[in-house]
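Residues per chain are reported as follows:
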Amino acid sequence: MAKWVYDFGDGKADGRADMKNLLGGKGANLAEMASIGLPVPPGFTLTTEVCTHFYQNDCQYPKELEQQVEKALNLVESRTGRKFGDSTNPLLVSVRSGARASMPGMMDTVLNLGLNDTTVEALAKKSGDRRFAFDSYRRFVQMYSDVVLGIEINHFEKHLERAKEKRGVKQDCELLPEDLEKLVKSYKAVVQLELGEEFPEDPKAQLWGAVGAVFNSWMNQRAKTYRSLHDIPEWWGTAVNVQAMVFGNMGNDCATGVAFTRDPSTGKNEFYGEFLVNAQGEDVVAGIRTPQELTIRARQSHGSDLPSLEEVMPNIFRELLSVRSQLETHYKDMQDIEFTIQQGKLYMLQTRNGKRTAPAALQIAVDMANEGLITKSQALLSLKPDLIDQLLHPTLDPKAKKEIIAKGLPASPGAAGGKVVFSADEAVRRCKDGEKVILVRIETSPDDIHGLHAAEGVLTTRGGMTSHAAVVARGMGRPCVAGAGSITVDYAAAKLTVGSVTVTEGQILTIDGSKGEVMVGEVPTVPPQLSGSFGTIMQWADEVRDMKEFGAEGIGLVRTEHMFFEGQRIVAMRQMILATDEADRRQALDKLLVMQREDITELFRIMDGNPVTVRLLDPPLHEFIPHTEAEMALVAKAAGVPLDRVRRRAAELQEANPMLGHRGCRLAITYPEICEMQARAIFEAAAEVGRSSKKLPVAEVMVPLVATVEELKLLKGVIEKTADAVKKEQGITFTYKIGTMIELPRAALQAGRLAEMAEFFSFGTNDWTQTTYGLSRDDAGSFLPEYKAKGIVEHDPFVSLDPDGVGELITMAVQRGRSTRPEMKMGICGEHGGDPASIEVCEKIGLDYVSCSLFRVPVARLAAAQSALKTKGEPTKQSSTKKTKPRVQNFGPW
C-alpha cells in the first residue's frame, strides 16, 4: 500500500531532512528535528504526492489517505495525552503548507483547529484561563472562515474593531473574556449571513476542510506568481503538516518568537530575532505589538526599554542557545527558526536554511569554514553564484517604499533611477548636463550604443534576456529590464503608458534589473560593497579553478562591430557601406583600419600576453544604416553622398530575416576587403605591441557563422595572406591562430572537417540556440513564460543552456573536432558563459573555457569552482595530476 502520511514526534520520525521532495521543507525539517531529540510537538505530514494525486484526479484524495490520517492522528493523541474533539481534554492542531522550496506567506495556514462550542469550554477549564480559550476560538473562527470558507477577512475585522471601541481599548489583548465570547458569536453570525450555513462544529470536518484549503492554495494567484518569479515548477506540489498546537498565549510564562542563528543582514555570528510574551505566532509579524529582542546586546544596541528573552526567561534563553548551536552543527548552515514557549517549556516549530543578503551569505560561508563547521569546498557549494551579482551592482534599499507599475525580464542586474528619455541622443545630451537618465526604447539597436553608455539603465518593451539591450547592458554593467510588454511607448509624444499611469520625458523612473521591476519615482538604492569575505571566496574558488583575482585569463570575444558605432567611426563605416565600388569601399576601410588598429593595440597591451579572440564583423550591414527619413538625411550629409543613395542602399540591405541573412562570414566572402582590413588591423597591432612588450600578444582571429568547410578555407586564405604581408612589411614575426565560431547545427555535423583548418572552436550558444530551436531570441519572450508555466521547458534556453539539444550538438562538435585535432582549444562565448547552470554543462562536456561579460566574471568563477567540485569532489593535497580546468574569459563591447 502506498504511504501517503509520515509521522514525527517523541524523538522519532518516519522522514528525514533529505526527503524535502516528498515531505516539503517544513515536514522534512520537523522530522529531522524530532529525530535529533529537539522538543517538537508531535504531528504528521501529508506528502507532496497527495497534492499531485489531488490535482490529477479532480481534487479527489487517494482512497487509503483517510485511514492513514486517522492512524496518524491517533498516534498524536497518544503522544500528547489529549484526544481530538474530546469534551474534557481536547487536542488542537495546526494545519500548515510546506513545499520543497520555501514560499513564505504564499499558501495557507489554519491554527487552533478542533475548537467548537464544547471543546472551548474544556480548554478554558483545563487551562484555567477563559480569556485564553476564547481568544484562541475567535482566532480560529476568523482564520478558518478566511482560509477555508473564503469569507473576506474585513467582515471579521469590523466586529473586532467595534468590540475594542465598545470596551474603550486599543489592543486585542485588552479585551475581556466576555468580549471574546461575544466576538465568536458575531463571527459565526457572519458565516451564517455570508454562506447561509453554520460554522462547522465537527473537528474531523474542520480538519479535512483545512487540508483541502492548503492543497487548493498551491494554485492560488499569489503562489503562482511566486513560483513564476522563483522558477519553482508547478508539478512539485505542496505537502500539508498537521501538528499538535502549543500555545504562547496562555499567560506570562508563555511566549512565541522567530530567530536566525546568525544575523541575516550582515552575517555576523550573533543570535538575531524577536519574541512576544503571551502571544501566538502571527502576532510577532502582524505589528500589533512591539516585539522584544532575544539578547541583552540587541536590546541595548536598538535602544529598547522592553526586556529581552535573556532577561525575562534566562533558563529558556540558555536552552534556545543550545538549540541554536545544535541546529547549526547539524545542518551546517544558518537557520531560520520558529519557537513557542508554553508554561515555561520550549517547543521548536520550524527550522529552515535562513534567507540572507548577499554580503551575509559570503560572510557566513567564510566564518563557518574558519570555525570548522564546514570545509572550504562546502562553503563554496553553499553559495548561489548569482548572489555575487548583488555585490557588484547597486540594489534597491529594502526598506524603501516602491510603486511597481510594470514587470519585464530581469535582463541585467542592478538598480538605477533617473529621468526618462526616449532617444540615445537625448540620453547623451542630458548626461553631459549632469542629469541621470533611464533610456526607454521599444527595442534598442546598435545605433543606440552611445545612449546605452550614457544612461544609468535601460528599459525596453520588446526583446528577451539575450536581446541587444540585454547583452550590451550586461557588458557595460548597466541595469536592464527587457520585454516589459505591458508598457506602450509613444516616441512622437515622448511618453510611456501602462494602465492608467503615464510617464513623460523628464519624469523619474526606477528600474530593478535583478527582478525586472519598473517603478514610478526615485527609489533609494544601496551602493555595492565588497567585503574581505568576497576576496576570500574568490581566492578559495581560484584554488579549485585556475583563475586570476577578479579578472580573467583573456578576452574570449571582441565584438569588432561595437568599435564602429561612435563619432567619426560610424561615419566612416557608413561611407564604406554606401560605396558604389571596391575602390570607394577600400578608401573608407583605410579610415576604419586606423581606428580598429588603435583599439586592438590597446587591448593587446592591457591583456599583456593573455589571449585575445577577435571576431570578424558579424551583424548585417543594415544595422549601421538608419531607416527614418530624418536620420538618413543626416547620414547623407555626413558621408557626403546624395540622400537617394542612402535610401536606395537602405532598401537594398533590408532583409526579411536578418539573423539568417547576409552576415558573419558571408559578409567577408562577399566583401573580402573587409576581412583584409580587419586582419591587417589585428596583425599590425600585434606587431606594434610585440616590439615594445616583454610578452608577445596572443592574437586569435575568429570567423563567425561558418556553415561549410569551403567558407572557412576561403577566409583562412585571406587572413594568412594578410598576416604574411604584415610580417614582411613590419619585419617582425608574431604568432596567431585562426578559429571559427560554431553556431549552426551544420557546423557541428562538419566539426571534424572544420578542425582540419580551424585551430580553435568557440561555440556561439546564443545563435546556436536560435537555430536549434527555430526561435528568435527577441520574440520568444512573448510565449516562453507560458511554456515554462506549462512545464514544456524548465528554463528559458537563452538564459540557461539546453543540455539535451544544444548541449548534445556541442558534445558532438567537441568529439568530432578533437578526433581531428586532439588538443584543440574549445569554449563557449555568449551570455550562457555567465550562467551557473550552463557552466556546469560545459564542465561535463569537457570545454576548456567559458567566456562571459566582464561583470559576470566573478559569478562565472564561483560557478566554475562549484562545477569542478561536483564533478571531481573535494581536491586533496596528495593529488599529483589534475584535469585541465576550464578558464573564464571575459568578453565585452570593445
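What counts and what doesn't
Residues numbered from 1 in each chain as written. Predicted model: local features only at pLDDT ≥ 70, side-chain atom pairs only at ≥ 80, totals over all residues. Heavy atoms only, no water. UniProt positions renumbered as here; feature names shortened; annotations may be inferred. Helix = DSSP H or I, 4+ residues; strand = E, 2+ residues; numbered from the N terminus. Rg over C-alpha atoms; globule rule 2.2 N^0.38 Å. Contact = heavy atoms within 4.5 Å. Areas by Shrake-Rupley, 256 points an atom, 1.4 Å probe, with all protein chains shown as cover. Lys, Arg positive; Asp, Glu negative; His and termini not counted. Charge placed at Lys NZ, Arg CZ, Asp CG, Glu CD. Buried < 20%, exposed > 50% of the residue type's maximum accessible area, 1.4 Å probe, protein only. Pairing = 2+ DSSP bridges. Patch = residues over 30% accessible without salt bridge, like charges linked within 9 Å, V, L, I, M, F, W, Y side chains within 5 Å. Salt bridge = Lys/Arg side-chain N within 4 Å of Asp/Glu carboxyl O. Polar contact = N/O pair within 3.5 Å; in protein donor to acceptor, adjacent residues only side chain to side chain. Core = buried A, V, L, I, M, F, W, Y, C linked by side-chain atoms within 4.5 Å. Expected span 1.5 Å × (residues − 1). Axes fitted to C-alpha atoms, helices over the stretch in contact; angles between N-to-C directions. Phe/Tyr/Trp six-rings, centres within 6.5 Å; stacked < 30°, edge-to-face > 60°. Lys NZ or Arg CZ within 6 Å of the ring centre and 35° of its normal.

As annotated in an unreviewed UniProt entry, the protein carries the name Pyruvate, phosphate dikinase and comes from Cladocopium goreaui. Under the UniProt heading Cofactor (unreviewed entry), the note attached to the protein is "Mg(2+)". We quote the UniProt Catalytic activity (unreviewed entry) comment for the protein here in full: "pyruvate + phosphate + ATP = phosphoenolpyruvate + AMP + diphosphate + H(+)".

Chemist: Describe the overall build of the protein, naming the residues involved and giving the relevant values.
Modeler: On a plain count of helices and strands, the protein comes out with 34 helices and 34 strands. In terms of overall size, the protein behaves like a compact globule, its C-alpha atoms giving a radius of gyration of 33 Å where 894 residues would be expected to give roughly 29 Å. With respect to the three principal axes, the spread of C-alpha positions in the protein is 105 × 70 × 55 Å. Here the contacts in the protein between residues at least 6 apart in sequence split such that 69% fall between residues at least 24 apart. In the structure as shown, the protein presents an accessible area of about 37700 Å², 49% of it carried by carbon and sulfur atoms. Distance between charge centroids for the protein: 3 Å, based on 107 positive and 119 negative side chains.

Chemist: Give me the lowdown on the UniProt feature "binding site: Mg(2+)" (unreviewed entry) in the protein, citing residues and values where you can.
Modeler: In the UniProt entry, the feature "binding site: Mg(2+)" (unreviewed entry) is given for Glu-743 and Asp-767. A compact arrangement is adopted by the annotated residues: their sequence extent is 25 residues, whereas the largest C-alpha distance between any two is 5.8 Å. Structurally, the position occupied by Glu-743 is in the loop between strand E30 (736–742) and helix H28 (745–749). Using a relative accessible area of 2% as the deciding quantity, one classes Glu-743 as buried. Contacts of Glu-743, omitting those with residues within four sequence positions, involve Arg-663, Pro-704, Leu-705, Gly-764, Asp-767, Trp-768 and Thr-771.

Chemist: Just give me the short version of the pairing of strand E19 (residues 457–460), but keep the residues and values in it.
Modeler: When a strand is regular, its side chains alternate between the sheet's two faces. Neither face of E19 is left uncovered, since the one carrying Gly-457 and Leu-459 and the one carrying Val-458 and Thr-460 both have all their residues buried. In this sheet, strand E20 (residues 480–482) lies alongside E19 in parallel orientation, the contact comprising 2 bridges. Paired with Val-458 across the bridge in E20 is Cys-480.

Chemist: Pulling in residues and values, what's your account of a nonpolar patch on the surface?
Modeler: Together, Phe-783, Tyr-787 and Ile-792 line one region of the surface with nonpolar side chains, adding up to about 270 Å² of accessible area. Structurally, Phe-783 is set in the loop between helix H30 (765–773) and helix H31 (784–789). Judged by its relative accessible area of 31%, Phe-783 falls in the partly exposed class.

Chemist: Describe the pattern of salt bridges, listing the residues and the values that go with them.
Modeler: Under the definition given, this model contains 52 salt bridges. Here Asp-336 and Arg-352 are joined by a salt bridge, their closest N and O atoms 3.2 Å apart. Residue Asp-336 is found in strand E12 (residues 335–342), and its partner Arg-352 is found in strand E13 (residues 345–353); the two are separated by 16 residues along the sequence. One salt bridge connects Asp-433 with Arg-429, and the closest N-O pair in it is separated by 3.4 Å. Note on Asp-433: relative accessible area 51%, which makes it exposed. Judged by its relative accessible area of 42%, Arg-429 falls in the partly exposed class. In the salt-bridge network here, residues are joined through shared partners; they are Asp-135, Arg-138, Arg-139, Glu-161, Lys-164 and Asp-172.

Chemist: Pulling in residues and values, what's your account of the UniProt feature "binding site: substrate" (unreviewed entry) in the protein?
Modeler: Within this structure's numbering, the places UniProt gives as "binding site: substrate" (unreviewed entry) are Arg-559, Arg-615, Glu-743, Gly-764, Thr-765, Asn-766 and Asp-767. A polar contact of 2.7 Å, which involves the side chain of Glu-743, links it to the backbone nitrogen of Leu-705. Position of Asn-766 among the secondary structure elements: in helix H30.

Chemist: Outline the nonpolar core, supporting the account with residue identities and numerical values.
Modeler: In terms of nonpolar packing, the biggest core is built from 115 residues, with Phe-683, Phe-761 and Phe-763 touching the most fellow members. Top contributing element to this core by residue count: helix H26 (residues 672–692), with 11 residues. Those residues in contact with Phe-763 that sit more than four places away from it in its chain are Ile-742, Trp-768, Ile-810, Ala-813, Val-814, Met-826, Gly-827, Ile-828, Cys-829 and Leu-847. Core analysis: the second largest hydrophobic core is formed by 68 residues, Val-110, Phe-140, Val-184 and Val-190 among them.

Chemist: An account of unusual backbone geometry is needed here, citing residue identities and associated values.
Modeler: A positive phi angle, close to 60°, is found at Cys-59, a residue other than glycine. Counting through the fold element by element, Cys-59 comes out in the loop between helix H2 (48–56) and helix H3 (65–80). The backbone of Asn-112 sits at a positive phi, close to 65°, despite the residue not being glycine. Looking at the element boundaries, Asn-112 is found in strand E7 (residues 109–113).

Chemist: Could you give an account of helix H8 (residues 203–217), naming the residues involved and the relevant values?
Modeler: The terminal C-alpha atoms of H8 lie 21 Å apart, and with 15 residues this matches the ideal 21 Å at 1.5 Å per residue to within 8%. Three or more residues of H8 are buried, namely Pro-203, Gln-206, Leu-207, Ala-210, Val-211, Gly-212, Ala-213, Val-214, Phe-215 and Ser-217. Capping of H8 at its N-terminal end is provided by Asp-202; its side-chain oxygen lies 3.1 Å from the backbone amide nitrogen of Lys-204.

Chemist: Give a description of the sheet that holds strand E23 (residues 501–504) that names residues and reports values.
Modeler: Taking strand neighbours across the sheet as the criterion, the 3 strands line up as E21-E22-E23 in an open arrangement whose pairing is antiparallel. Either end of the sheet is taken by a strand with one partner, and the two such strands are strand E21 (488–490) and E23. Each strand of the sheet is rotated relative to its neighbour by a mean of 20°, with strand direction disregarded. In terms of strand pairing, strand E22 (residues 495–498) meets E23 through 4 bridges, oriented antiparallel.

Chemist: Provide a residue-level description of the packing of aromatic side chains, including the pertinent values.
Modeler: Applying the stated rule across the entire model yields 20 aromatic pairs. Ring centres of Tyr-61 and Phe-215 lie 6.2 Å apart, and the angle between their planes is 50°; this geometry places the pair in the tilted category. Of the two residues, Tyr-61 sits in the loop between H2 and H3 while Phe-215 sits in helix H8, which places them 154 residues apart along the sequence. Taken together, the ring pairs connect Phe-54, Tyr-55, Tyr-61, Trp-208 and Phe-215 into an aromatic cluster. The ring of Tyr-6 carries Lys-3 above its face, with NZ or CZ at 4.8 Å from the centroid. The residue whose ring lies beneath Lys-345 is Tyr-347, and the NZ or CZ to ring-centre distance is 5.3 Å.

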